[in-house]
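Remarks on the overall topology
Here's the letter readout for the chains.
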Amino acid sequence: DLFTAIADLQHMLGAEKDVTTVIDRYIAAERARLDDLRRYAYEYVHRNAHAEAVGPEFVTNPINAYLLIKRLTTEWKNVENMMLNNKASAFLQNITANRENSQVKFPGEVDLSGAATALLRLQDTYNLDTHDLANGIIGGEKVANKLSGHDTFEVGRAAYNQKDYYHTLMWMQVALNKIENESPPSVEEWEILEYLAYALYQQGNVRRALSLTKRLAKIAPNHPRAKGNVKWYEDMLQGKDMEGDLPPIVNKRVEYDGIVERDAYEALCRGEIPPVEAKWRNKVHCYLKRDKPFLKLAPIKVEILRYEPLAVLFKNVIHDSEIEVIKELASPKLKRATVQNSKTGELEHATYRISKSAWLKGDLDPVIARVNQRIEDFTNLNQATSEELQVANYGLGGHYDPHFDFARKEEKNAFKTLNTGNRIATVLFYMSQPERGGATVFNHLGTAVFPSKNDALFWYNLRRNGDGDLRTRHAACPVLLGVKWVSNKWIHERGQEFNRPCGLDEEVQENFIGDLAPYANDP
Ligand SMILES: O=C(O)CCC(=O)C(=O)O
Ligand SMILES: [Fe+2]
């Protein structure tokens, strides 16, 4: 699929250009063919006019008779061939072959429904109005062309196919509004009505469902299901409640969609929660990290985002040129991100994680080695047991629902083969800055971090006694506009015995990077 990484979607633009060129060439070839055909027609008309002028005697002349017969046999065969020689199949074959050769990927059904689902996710997370979205408006700004009735209808159908009647209702209503101003309509009213009625029924409004289905039966009397549906809704109402005004439309969002803490999570994504919790507001600060000899000359700027648990942003720790190299190395390796099914332990694709990612070994390129070394410098944690650098490019509405980076006790086999213990800490480099959305949020803590290019977010996943710190549950909010590239480093417990010594008292927590380590200096 293409929709799970913006990087792949960008390649698709080339495909659309190819299609345009091919259509133009096809039209030119067909024009030439039809022009030839027209020339024949002229000749026929011309000769026939001459024959008519001569009258019935025309064929009494053997030469004329011969020519007439020839025109209606051999020459007619030519015309027939010309008419049959439509260039379409040759051109279509050509397109297919080109696609295969150039390896330009073409979107499929999965991409279309993925793209529609992305719109729905963005709409929910960022409180976007359906009319606005369908008019190309995001956050009050015109960012795209408006959708046609049919475009809108297809989004509604994608929702319907996922049994998501909440969104089906919204989008079908807008589709209906749209076609009022279209002539001819880009989708037939009766097509919309059937979906809209069913969504209304699912959302508890049988009377409106019935009313719309009656309208459907009226405008499309031959519709295969209209009459049956009218009866079905009528039976459901059993004559009750058939009089008076139709009940208002109450379109309630589905209560549970997998994220328990959804409202708080979405508010964080929208940036509605102050970035710093009130109790830390006077305490958080920036400092220069100089706790190693060479850092005395070029200290690293550390912005403390919060305490208990500590989360910091290391400023300017990855250079633009390094980012470019990393993106280039990762691009050909990007694979749709998988998640571990907690029941089966299998890796699988999931709608709650829409991105593509790749792993880069330290010896692949000096840039990777340099970045890995720098991680050790700014985290004070041994990199010998870290996982490889993971690079991720988010897709359309790309996101990662709330999760822990560490393995829970019940996930017995996680990281077992690595033999390096659990993921003690996470480093997340921001390699781009999406125009809107795409924040990293700690949904239990109420902390949102909006990506700032060249910086790295850091936090400890484990408490000092080695237990997973449940407070670190976090998520990547859907990208609303723009591109989100990140890379992350998962640092493991093994090798940190002196860097972050374990402590029995889990309440003793770091106040800065390297705090609690035996050699650490106060910043
Ligand atoms: O991209 C982000 O903001 C967070 C990514 C994340 O949490 C992960 O990949 O584990
Ligand atoms: Fe994570």
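Just so we're clear, the structure is a prediction, and the values are computed from it rather than from any experiment. (Residues numbered from 1 in each chain as written. Chains lettered and ligands numbered in written order. Predicted model: local features only at pLDDT ≥ 70, side-chain atom pairs only at ≥ 80, totals over all residues.)

Secondary structure summary: the protein contains 13 helices and 19 strands in total. By the compact-globule yardstick of 24 Å for 523 residues, the protein is too spread out, its C-alpha radius of gyration being 33 Å. Counting only C-alpha atoms and orienting by the principal axes, one finds that the protein spans roughly 120 × 70 × 45 Å. Counting across all 523 residues of the protein, residues that qualify as buried make up 33%. By sequence separation, contacts in the protein at least 24 residues apart represent 71% of the contacts at least 6 residues apart. (Helix = DSSP H or I, 4+ residues; strand = E, 2+ residues; numbered from the N terminus. Rg over C-alpha atoms; globule rule 2.2 N^0.38 Å. Buried ≥ 20, exposed ≤ 12 C-beta atoms within 10 Å, placed from the backbone. Contact = placed C-beta atoms within 7 Å.)

Right, let's get into the site of ligand 1. Taken together, Tyr400, Asp405, Leu428, Thr440, His474, Ala476, Val486 and Asn488 make up the full set of residues near ligand 1. Going through the elements one at a time, β17 (474-476) and β19 (485-492) are the ones with two or more residues in the shell around ligand 1. Classifying every residue of the shell around ligand 1 by side-chain character gives 4 nonpolar, 3 polar and 1 charged. (Near = placed C-beta within 6 Å. Nonpolar A, V, L, I, M, F, W, Y, C, P; charged D, E, K, R; others polar.)

In terms of domain boundaries, the protein breaks down into domain 1 (6-102), domain 2 (109-237) and domain 3 (266-492). Using C-alpha coordinates to define each centre, domain 2 is positioned 39 Å away from domain 3. At the junction of the two partners, domain 2 supplies 13 residues and domain 3 supplies 13 residues. Among the elements that take part in the side of domain 2 that touches domain 3, helix α4 (residues 109-125) stands out by supplying 8 residues, more than any other. Within the side of domain 2 that touches domain 3, the residues separate by chemical class into 7 nonpolar, 5 polar and 1 charged. (Domains from an automatic or database assignment.)

So, about helix α9 (residues 206-219). If you check α9, its first and last C-alpha atoms are 20 Å apart, about what 14 residues at 1.5 Å a residue would give, namely 20 Å. For α9, the full list of buried residues reads Val206, Arg207, Arg208, Ala209, Leu210, Leu212, Thr213 and Leu216. (Expected span 1.5 Å × (residues − 1).)

Looking now at the sheet that holds strand β12 (residues 423-430). Two modes of strand pairing occur in sheets, parallel and antiparallel, and in both the strands are linked by backbone hydrogen bonds. If you walk across this open sheet you meet the 9 strands as β3-β4-β5-β16-β12-β19-β10-β9-β6, and the pairing is antiparallel. Two strands lie at the open edges of the sheet, namely β3 (286-289) and β6 (335-336), each paired on one side alone. Helix α12 (residues 320-330) rests against β9 (355-360), β10 (389-394) and β19 of the sheet, and its axis sits at about 100° to β9. (Pairing = 2+ DSSP bridges. Axes fitted to C-alpha atoms, helices over the stretch in contact; angles between N-to-C directions.)

The next point concerns the nonpolar core. Core analysis: the biggest nonpolar cluster contains 106 residues, and Met172 and Leu196 have the highest contact counts within it. No fewer than three residues from each of domain 2 (109-237) and domain 3 (266-492) sit in this core. (Core = buried A, V, L, I, M, F, W, Y, C linked by C-beta atoms within 7 Å.)

Right, let's talk about unusual backbone geometry for a bit. Omega for the peptide link from Ser183 to Pro184 comes to 0°, which places this bond in the cis form. On the secondary structure map, Pro184 appears in the loop between α7 (165-180) and α8 (189-202). In the segment running from Glu308 into Pro309, the intervening peptide bond is cis, with an omega of 0°. With a phi angle near 55°, Asn419 is a residue other than glycine that sits in the positive phi range. Relative to the elements of secondary structure, Asn419 occurs in the loop between β11 (400-403) and β12. For Asn419, a count of 9 C-beta atoms within 10 Å gives the class exposed. Unusually for a residue other than glycine, Asn454 sits at a positive phi of about 80°. Within the secondary structure layout, Asn454 lies in the loop between β15 (447-449) and β16 (456-460).

Sheet architecture is open: 4 strands sit in the order β11-β17-β14-β15, paired in antiparallel fashion. The sheet terminates laterally at β11 and β15, the two strands that pair on one side only. Neighbour-to-neighbour, the strand axes of the sheet open up by a mean angle of 15°, direction not taken into account. Pairing between β11 and β17: 2 bridges, direction antiparallel. What sits directly across from His403, in β17, is His474. Together, β11, β14 (440-442), β15 and β17 form the strand contacts of helix α11 (residues 262-269), whose direction differs from that of β14 by roughly 140°.

So, on to the confidence of the model for the protein. Averaged over all residues, the pLDDT of the protein is 90; the fraction at 70 or higher stands at 97%. Scored by ipTM, the complex comes to 0.99, with pTM at 0.87. (pLDDT = per-residue confidence, 0-100.)

Turning to α4, a few remarks are in order. The terminal C-alpha atoms of α4, which comprises 17 residues, lie 24 Å apart, in line with the 24 Å expected from a rise of 1.5 Å per residue. Listing the buried residues of α4 in full gives Asp111, Gly114, Ala116, Thr117, Ala118, Leu119, Leu120, Arg121, Leu122, Gln123 and Thr125. Packing partners of the buried residues in α4 comprise α5 (130-134), α6 (149-161), α7, α11 and β18 (479-481). A positive backbone phi angle near 50° is found at Asn127, which sits one or two residues after α4.

Another point: the environment of Asp1. Residue position: Asp1 is located in the segment before α1 (6-54). The exposure class of Asp1 is partly exposed, given the 18 C-beta atoms found within 10 Å. On a C-alpha basis, the gap between Asp1 and Glu266 in space is 27 Å, while along the polypeptide they are 265 residues apart. The residues contacting Asp1, other than those within four sequence positions of it, are Val110, Asp111, Gly114 and Arg336.

Before going further, it helps to spend a moment on the packing of α9 against helix α10 (residues 226-237). Remark: α9 packs on α10, axes separated minimally by 9 Å, with the N-to-C direction vectors making an angle of 155°. The angle between the axes of α9 and α10 places the two elements in the roughly antiparallel class. Where α9 crosses over α10, the handedness of that crossing is left-handed. For the pair formed by α9 and α10, the contact residues are Val206, Arg207, Ala209, Leu210, Thr213, Lys214, Leu216 and Ala217 on the first element and Ala226, Lys227, Asn229, Val230, Tyr233, Glu234, Met236 and Leu237 on the second. (Parallel < 35°, antiparallel > 145°, perpendicular 65-115°, else oblique. Left-handed = near helix turned anticlockwise from the far one by under 90°.)

Assignment of secondary structure puts Lys296 in the loop between β3 and β4 (300-306). For Lys296, a count of 10 C-beta atoms within 10 Å corresponds to the exposed category. Between the alpha carbons of Lys296 and Leu210 there is a distance of 76 Å; along the sequence they are 86 residues apart.

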